[in-house]
Amino acid sequence: MGSLGAILKHPDDFYPLMKLKMAARNAEKQIPPEPHWAFCYTMLHKVSRSFAFVIQQLGTELRNAVCIFYLVLRALDTVEDDTSIATDVKVPILIAFHSHVYDRDWHFSCGTKEYKVLMDQFHHVSTAFLELGKNYQEAIEDIAKRMGAGMAKFICKEVETIDDYDEYCHYVAGLVGLGLSKLFHASGSEDLASDSLSNSMGLFLQKTNIIRDYLEDINEIPKSRMFWPRQIWSKYVNKLEDLKSEENSVKAVQCLNDMVTNALMHGEDCLKYMSALRDLAIFRFCAIPQIMAIGTLALCYNNIEVFRGVVKMRRGLTAKVIDRTKTMADVYGAFFDFASMLESKVDKNDPNATKTLSRLEAIQKTCRESGLLSKRKSYILKNENGYGSTMIVILIILISITFAYLSANHHNKYN
């Protein structure tokens, strides 16, 4: 759960955090008994950050398909991410990866920690894959084949232009959007979304991750990984790694803002995609990560800490997003609020200020024209630093929990 200091500063986070913690515990209890499925869902919890929670809300058949889809692509991503694998070894594996999902005996040792476990015991994933319906199998195989080929292409190619950047993000994330749309359609719950909108859903998330993960990627050992396009960063520095030098702080922030502005171009498409969804569980599955993405962009914008450490939404705000995202009104509200937060940080002297403000206005306009902004509870822009009645209630709850815990321990000690 979030730190006590963060909860005291944002007392409204407490209840959503408790709900999220309880939901996570319930999700862990729902792991299937079959060994291969138990492995898959256990690994999903270990390698997916917040994804494991949103996937648990889907119906059983679709949930199993999405779980395996995620693990197959996570395994593919682990091969791509492992910079210790020689190119002449890596490329053939990426290209042929889609065929390995049909082989119960195939595995390839790479990655570290839980990712290494996933790769060493990939036969569990293959076994589960072979139990899915044929339509799900075909969709997963198709996306894995296209993604592996795209990853192989960029192993031997730098991200030079913005077109390269969009193409790379399409291969590693846009195709995920296309695949999920196919799985949703195969389940009978949704109409098949257009490739363009599905692609934007993936690109919005991927570009946010690439922006946020600059320092982690540039410091990768034994070899740095570079995804920021030269066409953007070369306007500010001579080498991409120069952005982390303190003497380049002004230029680094301008470059960062340029990258955020580029990502914002997908916001309207994401809203259009989500507004067409009918199934509540699928809607929440899609909407929560997208709100997290625009929230992360708002935090990253004009923030030098992107080049110094980790910038991410606090756990309490994440819990609040998960708890309150139930309707399209909630999505429009969150997008509007985060866009407004980002807008308040735009310096008119920034080289891309006009373009940034234009893209934010387009997102805000879509949200306003929905007519739904008045039907949601705003939780981003309100002053959450007060120590009023809500704070007192939270403190009483915390004290009560602590007292109950200490009383139980005291009782057990003397019995």
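Criteria and cut-off values
- Residues numbered from 1 in each chain as written.
- Predicted model: local features only at pLDDT ≥ 70, side-chain atom pairs only at ≥ 80, totals over all residues.
- Heavy atoms only, no water.
- Helix = DSSP H or I, 4+ residues; strand = E, 2+ residues; numbered from the N terminus.
- Buried < 20%, exposed > 50% of the residue type's maximum accessible area, 1.4 Å probe, protein only.
- Contact = heavy atoms within 4.5 Å.
- Areas by Shrake-Rupley, 256 points an atom, 1.4 Å probe, with all protein chains shown as cover.
- Salt bridge = Lys/Arg side-chain N within 4 Å of Asp/Glu carboxyl O.
- Disulfide = S-S within 2.5 Å.
- Lys, Arg positive; Asp, Glu negative; His and termini not counted.
- Expected span 1.5 Å × (residues − 1).
- Bend = angle between axes of the 7 residues up to and from the residue.
- Polar contact = N/O pair within 3.5 Å; in protein donor to acceptor, adjacent residues only side chain to side chain.
- pLDDT = per-residue confidence, 0-100.

### Brief notes about the overall build of the protein chain
Regarding its fold elements, the protein chain presents 20 helices and zero strands. The buried share of the protein chain, reckoned over its 415 residues, is 52%. Long-range contacts, defined as pairs at least 24 residues apart, comprise 73% of the intrachain contacts of the protein chain with a sequence gap of at least 6. Counting every atom, the protein chain has about 19,100 Å² of accessible surface; 54% of that belongs to carbon and sulfur.

### Digging into the pattern of salt bridges
Scanning the model with the defined rule gives 13 salt bridges in all. Across the pair Asp166 and Lys207 runs a salt bridge, and its minimum N-O distance is 2.6 Å. In this pair, Asp166 is assigned in helix α10 (residues 162-186) and Lys207 in helix α11 (residues 195-212), connecting sequence segments 41 residues apart. Using a relative accessible area of 21% as the deciding quantity, one classes Asp166 as partly exposed. Residue class for Lys207 comes out buried when judged on its relative accessible area of 0%. For Glu369, the salt bridge identified is with Lys365, shortest N-O distance 2.8 Å. Taken together, the residues Glu369 and Lys365, both in helix α19 (residues 353-369) and four residues apart, mark about one turn of the helix. Here the salt bridges do not stand alone but share partners, grouping Asp142, Arg146 and Lys182 into one network.

### Side note on the environment of Gln57
By the element assignment, Gln57 lies in the loop between α4 (51-55) and α5 (60-81). Residues Gln57 and Ala281 lie 224 residues apart in sequence; the distance between their C-alpha atoms is 5.7 Å. When residues no more than four places from it in sequence are discounted, the contact partners of Gln57 are Ala281 and Arg284.

### Brief notes about the state of the cysteines
All chains considered together, the criterion is met by zero disulfides. With no disulfide partner, Cys270 has as its closest neighbouring cysteine sulfur the one in Cys286, 10.0 Å distant. For Cys270, a relative accessible area of 0% translates into the label buried.

### Examining the side chain of Asp350
Looking at the secondary structure, you find Asp350 in the loop between α18 (328-344) and α19. At 9.2 Å, Lys235 is the nearest oppositely charged side chain to Asp350, a buried residue that forms no salt bridge. If we ignore the near neighbours within four places in the chain, the residues touching Asp350 are Gln254, Asn257 and Tyr301.

### Topic: helix α6 (residues 87-100)
Compared with the 20 Å implied by 1.5 Å per residue over 14 residues, the 19 Å span of α6 between its first and last C-alpha is a close match. Along α6, the largest kink reaches about 40° and is centred on Leu94. For α6, every residue scored as buried is listed here: Lys90, Val91, Ile93, Leu94, Phe97, His98 and His100. In the core, the buried residues of α6 are packed alongside α5, α7 (113-120), α8 (122-129) and α9 (134-155).

### Remarks on helix α16 (residues 280-300)
The end-to-end C-alpha distance of α16 is 30 Å, a good match for the 30 Å that 21 residues give at a rise of 1.5 Å each. Counted residue by residue, α16 has 18 buried out of 21 residues, so it is predominantly covered. Here α16 starts with a cap whose side-chain oxygen sits 3.0 Å from the backbone nitrogen of Ala281, and that cap is Asp279. Asn302 sits one or two positions beyond α16 and adopts a positive phi of about 60°.

### Remarks on the side chain of Lys90
For Lys90, the location among the structural elements is in helix α6. Despite its burial, Lys90 pairs with no opposite charge, the nearest such side chain being Asp82 at 6.0 Å. At 3.5 Å, the side chain of Lys90 and the backbone oxygen of Val79 are in polar contact. Excluding its chain neighbours within four sequence positions, the residues that come into contact with Lys90 are Val79, Glu80, Asp82, Thr83, Ile85 and Ile155.

### Description of the confidence of the model for the protein chain
Per-residue confidence for the protein chain averages 88 on the pLDDT scale, and 83% of its residues sit at or above 70. Taken as a whole, residues 381-389 scores under 50 in pLDDT and shows 16 contacts with residues more than four places along the chain or in a different chain.

### Some words on unusual backbone geometry
Positive phi, normally seen in glycine, also occurs at Lys113, with a value near 50°. For Lys113, the position within the fold is in helix α7. Overall, the relative accessible area of 68% leaves Lys113 in the exposed class. Despite not being glycine, Asn302 has its phi angle at roughly 60°, a positive value.

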